[in-house]
Amino acid sequence: MFEIVERYGQKALVTRKAHRAGQDICAIPVESVHSRPDRLTVQIRSDLHARIGPLLEAMNHACVPNCEIDVVTMSLRALRDLREGEEMTFFYPSTEWEMASPFHCHCGSAHCLGVIQGARWLEEKDWRGRSAPHIAYLRREHAKKGILESLYQMDDGAVA
Ligand SMILES: [Zn+2]
């Protein structure tokens, strides 16, 4: 169905057959779940990170990705039509709130965001496609916290 190849000194996940946009490519097996993220985990809930093994290890980030990881159904899905032999990528901040290993992206897209470190540091305008439900939840909580903090600051100012 797909294979892991070495490209420019790093691994890449390449599809062995063509897929249609919106099509589920495969189920994603969860090997174990953890409370903290690391290089080999994908965030599946606001407080849970799953190891999905060699698939994720080989799947690179792209700022304009051609696949997404659905953490509700745990499946890999094509975002657009894929040709046989094409590298499959996904947008890391679509599942990751705060990444354990931020990095400089060299995806070559005109829309490249540069540093990729998680959804927490993304502005609305930099958003690419859909995010996992827990990311939408964390964004709301983060925004609420920001509003509360600014209210407390105003309160302090009024007292002083
Ligand atoms: Zn990029």
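Above: the structure in question.
Since we're looking at a predicted model, the values are computed, not measured. Along each chain, residues carry numbers from 1 onward, in the same order as the chain's sequence is written. Residue-level local features of this predicted model are given only where pLDDT is at least 70; pairs of side-chain atoms are given and counted only at 80 or more, and the full residue set underlies all totals for whole chains, interfaces and linings.

Secondary structure is summarised from DSSP: a helix means a run of H or I of at least four residues, a strand means a run of E of at least two, and numbering begins at the N terminus for each. Counting its regular elements, the protein chain contains 2 helices and 12 strands. Mapped from its N terminus to its C terminus, the protein chain presents α and β elements in the order β-β-β-β-β-β-α-β-β-β-β-β-β-α. Dimensions of the protein chain along its principal axes, counting C-alpha atoms only, are 65 × 35 × 30 Å. Burial in this document is a count-based property: other C-beta atoms within 10 Å of a residue's C-beta are tallied, and the residue is buried at 20 or more, exposed at 12 or fewer, or partly exposed in between, with C-beta positions derived from the backbone. By the burial criterion, 26% of the 160 residues in the protein chain qualify as buried. Pairs at least 24 apart in sequence give 59% of the contacts found in the protein chain among residues at least 6 apart. We call two residues in contact whenever the C-beta atoms placed from their backbones are within 7 Å.

Read from one edge to the other, the open sheet built from 3 strands follows the order β3-β9-β8, with strand pairing classed as antiparallel. Strands at the two margins of the open sheet, each flanked by one partner only, are β3 (24–27) and β8 (67–70). Each adjacent strand pair in this sheet contributes to an overall mean axis angle of 20°, direction not counted. Two strands pair when backbone bridges link them, and β8 and strand β9 (residues 75–78) are joined in this way by 4 bridges, in the antiparallel orientation. Looking at the pairing, E68 lines up with R77 of β9. Here, any two strands with at least 2 DSSP bridges between them count as paired. To obtain an axis, a line is fitted to C-alpha atoms, over the contacting stretch when the element is a helix, and the angle between two such axes runs from 0 to 180 degrees between their N-to-C directions.

This part takes up the sheet that holds strand β5 (residues 41–45). Sheet architecture is open: 3 strands sit in the order β4-β6-β5, paired in antiparallel fashion. Looking at strand neighbours, the two that pair on one side only are β4 (32–34) and β5, the edges of this open sheet. Here the average twist between neighbouring strands, direction ignored, is 40°. Pairing between β5 and strand β6 (residues 48–51): 4 bridges, direction antiparallel. Pairing of T41 across the sheet is with R51, part of β6.

A general feature of soluble globular proteins is that nonpolar side chains tend to end up buried together. Judged by nonpolar contacts, the single largest core of 26 residues is most densely connected at V42, C67 and F90. Elements with a contribution of two residues or more to this core: β5, β8, β9 and α2 (133–159). Excluding residues that lie within four positions of it along the chain, F90 makes contacts with M59, H61, P65, C67, E68 and I69. Think of a nonpolar core as buried Ala, Val, Leu, Ile, Met, Phe, Trp, Tyr and Cys residues, each tied to the set through C-beta atoms within 7 Å.

Despite not being glycine, Y8 shows a phi value in the positive range, around 50°. Using a count of 6 C-beta atoms within 10 Å as the deciding quantity, one classes Y8 as exposed. One non-glycine residue, M74, lies in the positive phi region at around 50°. Considering the arrangement of structural elements, one finds M74 in the loop between β8 and β9.

Here strand β1 (residues 2–7) pairs with strand β2 (residues 10–15) via 6 bridges, running antiparallel. Bridging across to β2, E6 finds its partner in K11. Following β1, the chain reverses through 2 residues before pairing antiparallel with β2; Y8 in that reversal takes a positive phi of roughly 50°.

Here we come to the environment of H134. Here H134 shows up in helix α2. Taking the C-alpha atoms as reference points, H134 and D47, separated by 87 residues in sequence, lie 8.9 Å from one another. Excluding its chain neighbours within four sequence positions, the residues that come into contact with H134 are Q43, R45 and S46.

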